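Okay, here's what each chain looks like letter by letter:
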Amino acid sequence: MAKPRIFVSSTFYDLRTVRDDLDRFIRSMGFEPVRHERGHISYGKDDKPEIYAYREIEFCDILVCIIGGRFGSASAEGPYSITQKELKSAIERGKQVYVFVEESVQYEHRYYLANKSVPGLKYTSVDNIKIHEFLEEIYSLPRNNPIFPFAVSGDITAMLSEQWAGLFQRLLSEHSIKSQTVLVDELQRSLQTVGQLVQFLTEEKGKGDKAIQEILFANHPAFEDLRQKLKNRYRIYFTNLEELDEWLVAAKSFEEDPFVLDDDFREWVRQIPYQGKIETQTLMVNKSIFDENGRLLPMTAGNWKDEWIQVKRSIRKMPENTKTKDDDDIPF
């Protein structure tokens, strides 16, 4: 099973115990930490080692950047340290980033912002003013990336635990509102239909209502709804109830149910034997989508109701004495 890969970015010597604690925490969550000192980055001979670190970020899901008081090794690519360049690389690639700044550095950063124009000032929490300059750059980014202070490694792991729990909850919420995505897709199809109407009627004004009905029929929501609910691979098209019945009987082995209790629906039934069981599928189509002569009424996706076409399935065990050549088939 694939695991989320967490790239740990920081200076090494001053923050090595924090990196070790973070490594243990990431593994306890079932994720995969990526650290250069553990050989998790594949280095080659064609470029400098830092280049391979930047490339490895492409294959990670999250970057955790820890900023302390040491600038660290300078990058060969511009006025940044390697740690700073790793963070910039992750942001440029659109990765999820969490930035943790040592408390003493963050407090001093406020002092830096208020006095950065004063020449000759010395700072006690950082060994290079470029750290404050980089923090200023990070805070000013248009995309919001979480930045948290920390005093001990436990502050980092506690915050990440809450943040990742929030990510998981958001994933569940997005899954639960998947139906809203379907609604957006339907809206897009409706807008496309309207666009076709405008273009077509502009060029073919003489066709009037007939042109409108032709376009509406070509994009009728019943066709796509029926295709999805019957899991049909090809597009469906019919203009009246008779054509729908002929297609269901000839192509899909349905039979119309003459004993329908619901006056609002027409029903078709088919039975599929497989692996010692019989699956019964009942297709229900609301009569209101047809006129009194059985012709399909034109409509857009915005007027369509999901309950107008329903497919109900039930499975029962096949009687012991029943024999069928399709016993091993899988239902379609």
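Residues numbered from 1 in each chain as written. Predicted model: local features only at pLDDT ≥ 70, side-chain atom pairs only at ≥ 80, totals over all residues. Heavy atoms only, no water.

Draft legend 1. Spotlight on the sheet that holds strand β4 (residues 96–102). The five strands are arranged β2-β1-β3-β4-β5 in an open sheet whose pairing can be described as parallel. Here the strands that pair on one side only, and so sit at the sheet edges, are β2 (32–34) and β5 (147–150). Taken pair by pair, the neighbouring strands of this sheet meet at an average axis angle of 25°, ignoring direction. Where strand β1 (residues 5–9) lies against β2, three bridges are found, and the strand directions are parallel. Paired with R5 across the strands is E32, a residue of β2. (Pairing = 2+ DSSP bridges. Helix = DSSP H or I, 4+ residues; strand = E, 2+ residues; numbered from the N terminus. Axes fitted to C-alpha atoms, helices over the stretch in contact; angles between N-to-C directions.)

Draft legend 2. Region of the structure containing helix α10 (residues 241–252). In this model, α10 (twelve residues) spans 15 Å end to end at C-alpha, consistent with the 16 Å of a helix rising 1.5 Å per residue. Note on α10: the residue one or two positions beyond its end, S253, has a positive phi of about 60°. (Expected span 1.5 Å × (residues − 1).)

Draft legend 3. Region of interest: the packing of helix α2 (residues 49–57) against helix α3 (residues 82–92). It is at 9 Å that the axes of α2 and α3 come closest, and there the two elements cross at 30°. What the angle tells us is that α2 and α3 run roughly parallel. Between α2 and α3 the crossing geometry is right-handed. Listed contacts from α3 to E50, A53, Y54 and I57 of α2 are I82, K85, E86, S89 and A90. Its residues assigned to classes, the contact of α2 with α3 comprises five nonpolar, one polar and three charged. (Parallel < 35°, antiparallel > 145°, perpendicular 65-115°, else oblique. Left-handed = near helix turned anticlockwise from the far one by under 90°. Contact = heavy atoms within 4.5 Å. Nonpolar A, V, L, I, M, F, W, Y, C, P; charged D, E, K, R; others polar.)

Draft legend 4. Quick look at the nonpolar core. One finds L63, I67, L87, V97, V99 and V101 to be the most contacted residues of the largest nonpolar core, which totals 24 residues. Sorting the residues of this core by element identifies β3 (62–67), α3, β4, α4 (103–115) and α5 (130–139) as the ones contributing at least two each. Top element by residues in this core is α5. It accounts for four residues. (Core = buried A, V, L, I, M, F, W, Y, C linked by side-chain atoms within 4.5 Å. Buried < 20%, exposed > 50% of the residue type's maximum accessible area, 1.4 Å probe, protein only.)

Draft legend 5. Quick peek at the pairing of β3. Among the six residues that make up β3, six are buried, leaving the element largely enclosed by the rest of the structure. What you see with β3 is no split at all: I62, V64 and I66 on one side and L63, C65 and I67 on the other are buried throughout. With four bridges connecting them, β1 and β3 associate as parallel partners. By the bridge assignment for β3, S9 is matched with C65. The sheet contact formed by β3 and β4 spans six bridges and is parallel.

Draft legend 6. Examining the side chain of E108 more closely. Topologically, E108 is positioned in helix α4. One buried charged side chain, E108, makes no salt bridge at all; its nearest oppositely charged neighbour is R110, positioned 12 Å away. Reaching out from E108, the side chain makes a polar contact with the backbone nitrogen of T124 at a distance of 2.8 Å. From its side chain, E108 meets the backbone nitrogen of S125 in a polar contact 3.0 Å long. Setting aside its immediate chain neighbours within four residues, E108 contacts Y123, T124, S125, V126 and H132. (Lys, Arg positive; Asp, Glu negative; His and termini not counted. Salt bridge = Lys/Arg side-chain N within 4 Å of Asp/Glu carboxyl O. Polar contact = N/O pair within 3.5 Å; in protein donor to acceptor, adjacent residues only side chain to side chain.)

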